[in-house]
Amino acid sequence: MNHPQDDKRKPHGKFATKLIHFGGEIDEATGASSVPLYQASTFHQADLEVSPEYDYTRSGNPTRQALEDYIALLEGGTRGFAFASGMAAISSAFMLLSQGDHVICTEDVYGGTYRLLTTIMNRMGVESTFVDMTDIAQVRAALRSNTRAVFIETPSNPTLRITDIAEVAAFAKEHDLLTMLDNTFMTPYHQRPIELGIDIVLHSATKFLGGHSDVLAGLAVVANDSLGRRMKQIQNGMGNVLGIQDSWLLIRGMKTLRARMEMSETSARRLANWLSEQPDIDVVYYPGLPNHPRRDVHEKQSLGYGAVVSFDVGSGEKAKKLLSKVRIPLVAVSLGAVESILSYPAMMSHASMPKEVRLLRGITDGLVRYSVGLEDIEDIIEDLEQALRG
């Protein structure tokens, strides 16, 4: 049924407007102000000679489709895909490769991606070389005759190193390489890699997009229809799709993305500046700090600095003491929620990375990662101060 004001309801306006008016925000059948949950595994086919839009939820579901169209709109891609987790999205993107292919990857990448490449994809015959992607010379030097893809994470997790997206994308296009970028930390509110030449953008939507620590999800957006057809085949064939309830929760969470990101970033900047003044902190990693390496590159390709601050307290003993004394943040795996989350990469996100490899990447035993939530920044600082001094 066509709504009498369909043309007026087409997505338009700036990013904050699109977060609310994304094209699927009003149910056409009832006028409901929320995407309906089509809690169905299969769909009646009235005419066997006519292929229906939906036949089985693994292949497609109206609720999940609304989410996939939503993220494609926000990222500026041609098609979106919703998966059961961030790693399901990343794994599916790597399924575009074949035995004998080679990948160039950011060296201080998320531990789960490192684990996938070094313990699973290598058994499938896909090789990986990890390089400091802030140095384009190292990226070029890693090129082989069988290189087929480049995987970028910027800012990287957890040391927040900055890769020049357009520079690496241009290199990849010179050599006909597929480019993938994990945009979890920045979200499309701050950074839209497809506009800079990236082929596939990936998200752990569990984090800032969902924003409430209540949904596990992954998203992918492709830059062209050809990639869209290939990713659809992989999503349908592997069946690692996002459930209907989780799709609805993620849509709801994404509507407040701008408000949450703005407040969390404002507090993160305050926190990073405060930490930089503390004598018992060895180093602070945050793109918004004046001395952060390649801050100028980040500002060229991103509209903000994000809400994640990493800092090194000097030793594993001091880090564990801090984790035991804080009162406000969750001490937990994950990030990007309304509540602050303090993580210990050495034993959490990067526990699967061998210690010698981890240390080479600057992920020391004293490094902690603070994902700043929506609490009052004065309370956050006061809490950290008592934990550091206690």
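Residues numbered from 1 in each chain as written. Predicted model: local features only at pLDDT ≥ 70, side-chain atom pairs only at ≥ 80, totals over all residues. Heavy atoms only, no water.

What counts, and what does not: UniProt positions are given in the numbering used here, feature names are shortened, and annotations may be inferred rather than shown by experiment.
You'll find the chain entered in an unreviewed UniProt entry as cysteine-S-conjugate beta-lyase, with Paenibacillus germinis given as the organism. Its UniProt record, at the heading Sequence similarities (unreviewed entry), says of the chain: "Belongs to the trans-sulfuration enzymes family." Comment text from UniProt for the chain, heading Cofactor (unreviewed entry), reads "pyridoxal 5'-phosphate".

## Notes on the pattern of salt bridges
Put simply, the test is: A pair is scored as a salt bridge if a Lys or Arg side-chain nitrogen falls within 4 Å of a carboxyl oxygen belonging to Asp or Glu. Helix and strand assignments come from DSSP, with helices taken as H or I runs of at least 4 residues and strands as E runs of at least 2, each series counted from the N terminus. Exposure classes here rest on a 1.4 Å probe applied to the protein chains alone. A residue is buried below 20% of its type maximum, exposed above 50%, and partly exposed in between.
Within the structure shown, the criterion is met by 14 salt bridges. A salt bridge links D108 to R161; its shortest N-O distance comes to 3.6 Å. Taken together, the residues span a long stretch of sequence, with D108 in the loop between β2 (102-106) and α4 (111-121) and R161 in the loop between β4 (147-153) and α6 (165-174) at a distance of 53 residues. Accessibility expressed as a relative area gives 2% for D108, which makes it buried. Here D365 and R358 are joined by a salt bridge, their closest N and O atoms 3.0 Å apart. Taking relative accessible area as the criterion, D365 reaches 25% and is therefore assigned partly exposed. Residues joined in a network through salt bridges with shared partners are E107, D108 and R161.

## Section: the nonpolar core
Note the following rule: Here the nonpolar core consists of buried residues drawn from Ala, Val, Leu, Ile, Met, Phe, Trp, Tyr and Cys, with membership extended through side-chain atoms lying within 4.5 Å. Contacts: residue pairs with any heavy atoms within 4.5 Å of one another.
Ranked by size, the top nonpolar core spans 83 residues in total, and within it F94, F151, M180, L202, L219, L250 and M254 carry the most contacts. By residue number, the principal contributor to this core is helix α2 (residues 62-75), which donates six residues. Apart from the residues lying within four places of it in its own chain, the contact partners of L202 are A89, I90, A93, F151, M180, L181, D182, N183, T184, L219 and A220. Core analysis: the next-biggest nonpolar cluster, separate from the first, contains 29 residues, W274, Y305, V313 and L323 among them.

## A look at the sheet that holds strand β9 (residues 308-312)
What counts here: At least two bridges found by DSSP between two strands are what make those strands a pair. Note on geometry: axes are C-alpha line fits, over the in-contact stretch for helices, and angles between N-to-C directions span 0 to 180 degrees.
The strand order across the open sheet formed by five strands is β8-β9-β12-β11-β10, and the pairing between neighbours is mixed. Bordering the open sheet on either side are β8 (283-285) and β10 (330-331), each of which pairs with just one other strand. As judged from the two bridges shared by β10 and strand β11 (residues 341-343), these two strands associate in the parallel manner. Considered in β11, the bridge of L330 is made with I341. Its contacts with the sheet put helix α10 (residues 257-276) on β8, β9 and β12 (367-371), and the angle it makes with β9 is roughly 15°.

## A word on a negative patch on the surface
Using the following cut-off: Patch membership is restricted to residues that have no salt bridge and whose relative accessible area is over 30%. Joining uses 9 Å for like charges and 5 Å for the nonpolar side chains Val, Leu, Ile, Met, Phe, Trp and Tyr. The accessible surface values rely on the Shrake-Rupley method and a 1.4 Å probe; as for residues, cover is taken only from the protein chains in view. Counted as positive: Lys and Arg. Counted as negative: Asp and Glu, with His and the chain ends omitted from the count. Charged groups are reduced to one reference atom each: NZ for lysine, CZ for arginine, CG for aspartic acid, CD for glutamic acid.
A grouping of D376, D379, E382 and E385 is seen on the molecular surface, where their side chains present a negatively charged patch. With respect to the helices and strands, the residue D376 is situated in the loop between β12 and α14 (377-389).

## A short note on the layout of surface pockets
Threshold: A cavity here means a set of 1 Å grid points, computed over protein atoms only, where a 1.4 Å probe fits but cannot escape. A pocket is an open set with protein on both sides within 12 Å along at least 5 of 7 lines, and lining residues have an atom within 4 Å of a point. Grid points are joined across faces, edges and corners, and a volume is the space filled by probe spheres set on the points.
In this structure, the second largest pocket occupies an estimated 400 Å³ of space. If you trace the second largest pocket, you find 22 residues lining it, with Y110, N157, T184, S204 and K207 closest to the centre. Elements supplying a minimum of two residues to the lining of the second largest pocket: α3 (86-94) and β6 (200-204). A per-element tally of the lining of the second largest pocket places α3 first, with three residues.

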